[in-house]
2 protein chains.
Amino acid sequence: MKKMQIGIDVGGTNIRAGLVSSDGKIISLTKRTITGHKQPSLFINFLTSLINETKKISPIKHVGLGIPGIVSAKDGIVFSSPHYPEWENFSIQKQLQSKIKIRVSIDNDANQIALGEAHFGAGKKLNSFLMLTLGTGIGGGIIINKKIFHGTNGFAGEFGHIVVVKDGNPCGCGSRGCLETYASQTGLKHLSKKAGLSLKNIPDEKVGHFLFEQAVGGNTKAKKIFEEFGTYLGIGIASLVNVTGIDNIVLGGGLSEAKKYFLASLKKSIRTHTYKKTAEGIKIHFALLGDKAGILGATQK
Amino acid sequence: MKKMQIGIDVGGTNIRAGLVSSDGKIISLTKRTITGHKQPSLFINFLTSLINETKKISPIKHVGLGIPGIVSAKDGIVFSSPHYPEWENFSIQKQLQSKIKIRVSIDNDANQIALGEAHFGAGKKLNSFLMLTLGTGIGGGIIINKKIFHGTNGFAGEFGHIVVVKDGNPCGCGSRGCLETYASQTGLKHLSKKAGLSLKNIPDEKVGHFLFEQAVGGNTKAKKIFEEFGTYLGIGIASLVNVTGIDNIVLGGGLSEAKKYFLASLKKSIRTHTYKKTAEGIKIHFALLGDKAGILGATQK
């Protein structure tokens, strides 16, 4: 039997583990809630039992993890993770590997998503691109020649935290005016408040869908909010292209469903904030793999 | 006789050509004013006569040019250049090479400066770094493993045009709020106006030196302006590191003379706008080669 891989997407409350065949098909998917297992050694045990169970289906040659936060793929260490305050300098790769005796690799979750799209999704025909995952924050990944570009510090691709408005909206990272405080679900919340559109206690991760439905129903305020969202996102993308010279952009995350309400202002904003020659080359693609991207990407190491 | 190289720095009004030995020494330097030679074919003739003259001193194996504007090093073409409106899709490499029968290479001037510092200056011991040349605008260059990173469109490193203030100061590029409208000589002009400090018709490229002298003389407004300058520059550098993951920064350009007035606010601003782990790794270096960097860098291709 050909050995398979396990791709694991570590979320804030759920963990999703996919058994992935050599041709990139998810054979089975397990979803578990991780409340109560947050402390590092408990989490290692939790992962070990999950992997041991999956091993009953197929022999495994590699386990890849996508983890939110400041992660060193090279050293296999999580320096900090927003949902796991206990994780500081957590050598998760080494610890898990010594338990399960299978090769383990880790990376930032947004990087794994970009890698998944690069090999199996919207980036299949692209050698290099920038990926932005628009969720409650913004995940970023730089793909160069089909590989993640990590930079020298290991943390490249923090697109959500480039500053687009000096002293702007407060951000969860402690800074102000970060791109993700304008062009994400959280950003839409800020924009809605400014526009005087009530969100009626809708949870952060559903703000975009609520506003989308409002826009579909003809709510002009909601339409205006998406227009503004596109303008900010365009500023961010223009800056990213100006810095990296990489002009294929893949947009992922649930907010894409509202693209007809923000694509025009997005493109206009990109043109406004780049040289003509630069703007001409920029192409916007939309992700194809949804929440499978991170699992598939995690197997590509 | 060992063949030498010519490194040429194409400025807005002056051209400086250096005869460079194989160990990176500038043996002789020629400076010429180029008024009246701006039309492409005249400019090729102008360069040819300059190079032919230099050839009398030593046989030449390579001529490298640093040119301001949107330049494709790969294709040898200048798409546009701020001081030369006649230069559109100007195939300068091919045209010059066929005239002088010596290998010619070109690149953006800020890239050549970065390459010069990488091989002979502040970046000598660094494999990878980001270079910002703070002049009337901001020139940018990304060095990865001692080479210029051009991105896929060829125009990586346009650091001056990342947006730090939505709808902020108007920029020569047509956009608004670009980093270089705050953290360059032009930026200091804007900041001085806002602070109510009169610049008495001082030309743009001397604003920084004037303010520096004012600060040295105890002018608190001038000191405050440099402090603000540092804050904006810090926002820009934080965004650059967040995107690229490259955390060695080399600052060049004449404004460095005022570093004691902006370095504290610059470092504070970087810390404010990055994660702790990211901030810890960021190192600020100052360029060592002055206006020789571009000439030396142009020979490294």
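For the structure, see preceding data.
Read on for a plain summary of the structure.

The rules behind the values
Residues numbered from 1 in each chain as written. Chains lettered and ligands numbered in written order. Predicted model: local features only at pLDDT ≥ 70, side-chain atom pairs only at ≥ 80, totals over all residues. Heavy atoms only, no water. Contact = heavy atoms within 4.5 Å. Buried area = accessible area lost by both parts, 1.4 Å probe. Salt bridge = Lys/Arg side-chain N within 4 Å of Asp/Glu carboxyl O. Polar contact = N/O pair within 3.5 Å; in protein donor to acceptor, adjacent residues only side chain to side chain. Helix = DSSP H or I, 4+ residues; strand = E, 2+ residues; numbered from the N terminus. Core = buried A, V, L, I, M, F, W, Y, C linked by side-chain atoms within 4.5 Å. Buried < 20%, exposed > 50% of the residue type's maximum accessible area, 1.4 Å probe, protein only.

Further remarks concern the interface of chain B and chain A. In this assembly, 42 residues from chain B lie in contact with 42 residues from chain A. Together chain B and chain A conceal approximately 3,500 Å² of surface at their shared face, both sides included; 63% is due to carbon and sulfur atoms. Looking only at chain B, the three residues that lose the most surface to chain A are Lys166(B), Val243(B) and Tyr275(B), adding up to 20% of its buried area. Summed over the shared surface of chain B and chain A, the result is zero salt bridges. Here chain B is connected to chain A by 18 residue pairs in polar contact (both at pLDDT 80 or more). Only β9 (138-144), α6 (220-244) and α8 (276-281) of chain B provide two or more residues apiece to the side of chain B that touches chain A. Looking at which element gives the most residues to the side of chain B that touches chain A, the answer is α6(B), with nine residues.

Membership of the largest hydrophobic core comes to 94 residues, with the highest contact counts inside it found for Leu132(A), Leu211(A), Leu233(A), Leu132(B), Leu211(B) and Leu233(B). Not counting the four nearest positions on each side in its chain, Leu233(A) is found in contact with Leu132(A), Leu134(A), Leu179(A), Ala183(A), Leu251(A), Phe262(A) and Leu266(A).

Moving on to the pattern of salt bridges. Residues and elements named next belong to chain B. Under the definition given, this model contains 19 salt bridges over all chains. The salt bridge involving glutamate 53 is made with arginine 32; its shortest N-O contact spans 2.9 Å. Here glutamate 53, found in helix α1 (residues 40-55), pairs with arginine 32, found in strand β3 (residues 26-33); they are 21 residues apart in sequence, far enough to count as distant. The partner of glutamate 228 in a salt bridge is lysine 194, with the nearest N and O atoms 2.6 Å apart.

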